[in-house]
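Here are the chains, one letter per residue:
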Amino acid sequence: MNDITVFDESRRQFMKGSAALVGGLVISFYLPMKVGRAYAAEARPEQVYPPNAFIRIARDNSITIVVNKSEMGQGVYTSLPMMLAEELEADWSRINIESAPVAAVYNHTGFGMQLTGGSTSVASSWEQLRRVGAMGRILLVRAAAQKWGVPESECRAEYSQVRHDGSGRSASYGALADAAAKLPMPVSVPLKDPKDFKLIGKPTKRLDTPAKVNGSAQFGLDVYLPDMLTVLIARSPVFGGKVKSFDAKKARKQPGVRGVYQVPTGVAVAATGFWPARTARDLLEIEWDEGPGAALTTTKMRADYLALAKQPGAVARTEGDIAKGFADAHQYVSADYELPYLAHAAMEPLNVVVDLKPNHCSIWTGTQAQTMDRAAAAKVAGLKPEQVEIHTTYLGGGFGRRANPRSDFVKEAVQVAKAIKKPIKVVWTREDDMRGGNYRPMWADHIEAAIAEDGSPLAWKHTIVGQSIVADTPLEGMLVKNGIDVTSVEGAATLPYVIPNLQVELHSPKNAVPVQWWRSVGHSHTAFVVETMIDELAYLAKQDPVTYRLDILPIASHYRKVLQLAADKAGWGKKQLPAGHAYGVAVHQSFGSHVAEIAEVSLEDGRIRVHRVIAAVNCGMVINPDGVRQQVESGIVYGLSAALHGAITLQDGRVVQSNFNDYAPLRFSEMPQVEVHIVESSEHPSGIGEPGTPPIAPAVANAVFALTGKRLRRMPFDQESLV
Amino acid sequence: MISFKLNGNNTRVDADPGTPLLWVIRDHLHLTGTKYGCGIAQCGACTVHLDGAAIRSCVTPVSSASGRNVTTIEGLAETSLGKAVQSAWRDVDVPQCGYCQSGQIMAATALLRGNPHPSEAQIAAAMEGILCRCGTYNRVRAAILQAAAQPGEGK
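The model shown is predicted, which means the values in this text are computed figures rather than measured ones.

What follows concerns the overall build of chain B. Counting its secondary structure elements, chain B contains five helices and five strands. For chain B, the sequential pattern of α-helices and β-strands runs β-β-α-β-β-β-α-α-α-α. A globule of 155 residues ought to have a C-alpha radius of gyration of about 15 Å, and chain B, at 15 Å, matches this closely. Taken over 155 residues, chain B has a buried fraction of 55%.

Right under this line is the structure:
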């Protein structure tokens, strides 16, 4: 048995288990964490974090890095290990990845729980993981120096080896791991000067690619336990509806069916596989008590929202004297905007595997929210959170859906496991997933704006209507300030343009449709609204849209930097575009990162065709430039799908759309060329998973205006109007 | 009992003949590289080869595989073309979440088998049915072009 440093009894079992498998060094440490700039407001300086365990070094010199964030495509299984390996001086070619179990030690340094979201993974781990790596390196060098009887200062570490150049000696980390594990934790842990980085900042291939290319990557749906049953649930066709009565006689007779159970969310059919479960579910006869949700119809809701947008709301931001601003106006414009509910529609439909025993519950699922899910599961199972184990698989896309603040899919699966008393896998069909709610909220916005005689904006009044994502969830306290859900107004209340008289107001109506964060959250709607209206003001002022923005953005801001870079790279105002093509531009900041996008657009048979997108981003110091490019490409595609196609609508409480035939993501032939230009920066890293999404819809809408003189103020874009 | 060759191995399954091949591959045989995405042939995540042609296993009854050759992502590396495509995929670093990638790779390999040097338009036509929510399409194209440029293999 190797000597393992542990500080926390609850962690002991995990570490013993791990070390027994591989041997060697387990790095644990006690570190009052410095938090990233993005979380400084929430950080409690007195808070002392529990010990961490992120590295295991085996005697064969392979290194396993335990990653405490969920890999959903955004590249954290590569970018986070890069930060740690940089300081550890590890041989990158021998790095293995393991997903972290649920434990306080793996909490997000800003959120105080295990959670992947808000484009914060790199930013919140930047200090933490480099220090973990540096601690490991210091201990290994110390162990080598002691073994050789030489001063530590004469030893150096590289490629998972410690070398003493004076004597020509070297030892692998694997050979030093046992001795290093017996040393006390270092007190001082200096970090590298960025100019000495070998990995950070270099384009680096994803560590998860090989498994995703040969089919071996395990997603939640790929987990099979012995004697496991597959469960499909018939849920209410109307949000908030309940089972009144049901008849399962026909369903029970289907081959392969092992039971039909009423559960809180509906009627569950357990069978030997997906197909018998699905076939049997179709034969259920259920009478629903639909409740007030049955009154919801999109056309009516839209009219109600737009009417509400003309009423005074809760004030999210106010500057100057809005009434005087409008009184002094030279020219005035007002507009309504409508944006629909959006499904995340990740390629992997939701699913959860549960093995519930009397004193223990094991869960396998692709979740972004381990701590909340574990608490919810424990509550349902009547267990302590420590008795619930969550194995985080690869996520076949997350986009926010798999961080449900009500833990909807995990909670439901444990309810089913309780009823069935066998290992189960709850599978959502695509239709279940599409109609399962937890959508990006539907929004209506009203903006009134005025310009002065010189064209500069004088007054701006923006009223937003849409459900609060965090109302009535455990996160309400953190994210609702003075009656304003900050995620509802982000990107609008943070409007960067210098406008002397400005007011942003919010209405947060409630209804039965569950809503949730969807890639870029509030920014997914506010960027479209504000960046198309700013464009409108530029035209009203008879000025170039890029020049106009540069003139009214704060001097020396990152907005200007990315806007100028995108304009330069696109040849804005200079490059001769093919006949029938036009550029449109938008710039937006979200999750600490600034992104400008210029879209080259034409109309083909009256349909919008996006040929090329030139993006410029500033996300602080870049860990993996190739990862940044991937994420900006990805964010653009996600936003473009919503701009051109995406809408979830309701008719008498029922979701009209059901599958990819009527909720259409962007397809191959619609994909524009994408160029990503990264601003070199030495600032603290900021988000990149989401910030590529917000600017694309307004950039395309502004290009369509340049082409046609028609303003698009509704998403998805009304392309019929362009013919 | 239904018999077919799966990745070169004789396979017999006791399944209702109407069961989609996808669920036989996954639930009966526990080969999980082939994915469920939509169940109605809209997304292509379930793409496998039936006698070398790309098909949607989610809408193909297992009975129609009887006596034929089924290849999944797990068996793709058994041909030099399959290897070349997977190698191009790694080289271009195509996947993000990765869930659709088995389907992308199976469709791309079937394309290149029938048309070793496809034009960009032919690539678009062949890949139009395979959805990716992460937006890897440009890298998919780059990987296909790279695999197509591999010299002199017995494709």
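Working note: α-helix, 3.6 residues per turn, so residues spaced by three or four point in the same direction. If you check helix α15 (residues 523–540) of chain A, its first and last C-alpha atoms are 25 Å apart, about what 18 residues at 1.5 Å a residue would give, namely 26 Å. Two residues or fewer after α15(A) comes K542(A), characterised by a positive phi angle close to 55°.

Attention now moves to the confidence of the model for chain B. Per-chain confidence: chain B averages 96 in pLDDT, with 97% of residues scoring 70 or above. As scored by the predictor, the complex reaches a pTM of 0.94 and an ipTM of 0.98.

This part takes up unusual backbone geometry. Residues and elements named next belong to chain A. Cis peptide bonds are those with omega within 30 degrees of zero, and the linkage from M715 to P716 qualifies with -5°. Looking at the element boundaries, P716 is found in the segment after α19 (696–708). A positive phi angle, close to 50°, is found at D605, a residue other than glycine. Structurally, the position occupied by D605 is in the loop between β25 (593–604) and β26 (607–618).

This part covers the nonpolar core. Residue and element names in this part refer to chain A. In terms of nonpolar packing, the biggest core is built from 270 residues, with V231, V269, A615 and V700 touching the most fellow members. Broken down by element, this core gets its largest block of residues, 13 residues, from helix α3 (residues 121–148). Not counting chain neighbours up to four residues away, the residues in contact with A615 comprise A566, V595, E597, V632, I636, V674, E675, V676, H677 and G692.

As a further point, take the sheet that holds strand β5 (residues 155–158) of chain A. Residues and elements named next belong to chain A. The strand order across the open sheet built from three strands is β5-β6-β7, with neighbouring strands paired in antiparallel fashion. Each edge of the open sheet carries a strand with a single partner, namely β5 and β7 (169–172). On average, adjacent strands in this sheet sit at an angle of 20° to one another, irrespective of strand direction. When β5 meets strand β6 (residues 161–164), the two strands line up antiparallel, connected through four bridges. Directly across from C155, in β6, lies its bridge partner H164. Each of β5, β6 and β7 is contacted by α3, which is oriented at about 135° to β5, the strand it contacts most.

All names here are of chain A. Strand order across the open sheet formed by four strands is β24-β25-β26-β29, with mixed pairing between neighbours. Of all strands in the sheet, those with a lone pairing partner are β24 (581–590) and β29 (673–678), marking the two edges. On average, each strand axis in the sheet is inclined to that of its neighbour by 20°, with strand direction left out of account. For β24 and β25, the ladder comprises 10 bridges, and the chain directions are antiparallel. Across the sheet, the residue bridging to Y583 is E600, located in β25.

Right, let's get into the confidence of the model for chain A. Residue and element names in this part refer to chain A. Across chain A, the average pLDDT comes to 92, with 93% of residues at 70 or higher. Across residues 1–24, confidence stays below pLDDT 50; counting only partners more than four residues off in sequence or on other chains, it has 47 contacts. Here residues 27–52 is a poorly scored stretch, pLDDT under 50, and it has 58 contacts once near neighbours within four places are set aside; other chains count.

With that settled, consider the pairing of strand β2 (residues 9–13) of chain B. All names here are of chain B. Judged by how many residues are buried, β2 sits mostly at the surface: zero of five residues are covered. Of the pairings in the sheet, the one linking strand β1 (residues 2–6) to β2 comprises five bridges and is antiparallel in character. Bridging across to β2, K5 finds its partner in N10.

Buried accessible area, meaning the area lost when the parts come together, often serves as the stated size of an interface. Contact with chain A, which involves 48 residues of that partner, is made by 42 residues of chain B. For the side of chain A that touches chain B, the secondary-structure elements that each account for two or more residues are α5 (209–213), α7 (274–281) and α18 (625–644) of chain A. Sorting elements by how many residues they give to the side of chain A that touches chain B places α18(A) first, with seven residues. Here the side of chain A that touches chain B is built from residues that sort into 23 nonpolar, 15 polar and 10 charged.

Positionally, G114(B) belongs in helix α3 (residues 101–114). When the C-alpha positions of G114(B) and G67(B) are compared, they lie 22 Å apart, and in sequence the two are 47 residues distant.

Now for the pairing of strand β3 (residues 47–50) of chain B. Residues and elements named next belong to chain B. Bridging between β3 and strand β4 (residues 53–56) involves four bridges; their strand directions are antiparallel. Residue pairing across strands places T47 opposite R56, the latter belonging to β4. Following β3, the chain reverses through two residues before pairing antiparallel with β4; D51 in that reversal takes a positive phi of roughly 50°. When β3 meets strand β5 (residues 69–71), the two strands line up antiparallel, connected through two bridges. Note that in β5 the partner of L50 across the bridge is V70.

A few words on the packing of helix α10 (residues 370–381) of chain A against helix α11 (residues 408–420) of chain A. Residue and element names in this part refer to chain A. Packing of α10 against α11 leaves a shortest axis separation of 9 Å and a crossing angle of 25°. When the axis of α10 is compared with that of α11, the two are roughly parallel. α10 and α11 meet at a crossing whose hand is right-handed. Between α10 and α11, the contacting residues are D373, A376, A377, V380 and A381 on the first element and V410, K411, V414, Q415 and K418 on the second. For the contact of α10 with α11, a count of residues per class yields six nonpolar, one polar and three charged.

Calculation rules
- Residues numbered from 1 in each chain as written.
- Chains lettered and ligands numbered in written order.
- Predicted model: local features only at pLDDT ≥ 70, side-chain atom pairs only at ≥ 80, totals over all residues.
- Helix = DSSP H or I, 4+ residues; strand = E, 2+ residues; numbered from the N terminus.
- Rg over C-alpha atoms; globule rule 2.2 N^0.38 Å.
- Buried ≥ 20, exposed ≤ 12 C-beta atoms within 10 Å, placed from the backbone.
- Expected span 1.5 Å × (residues − 1).
- pLDDT = per-residue confidence, 0-100.
- Core = buried A, V, L, I, M, F, W, Y, C linked by C-beta atoms within 7 Å.
- Contact = placed C-beta atoms within 7 Å.
- Pairing = 2+ DSSP bridges.
- Axes fitted to C-alpha atoms, helices over the stretch in contact; angles between N-to-C directions.
- Nonpolar A, V, L, I, M, F, W, Y, C, P; charged D, E, K, R; others polar.
- Parallel < 35°, antiparallel > 145°, perpendicular 65-115°, else oblique.
- Left-handed = near helix turned anticlockwise from the far one by under 90°.

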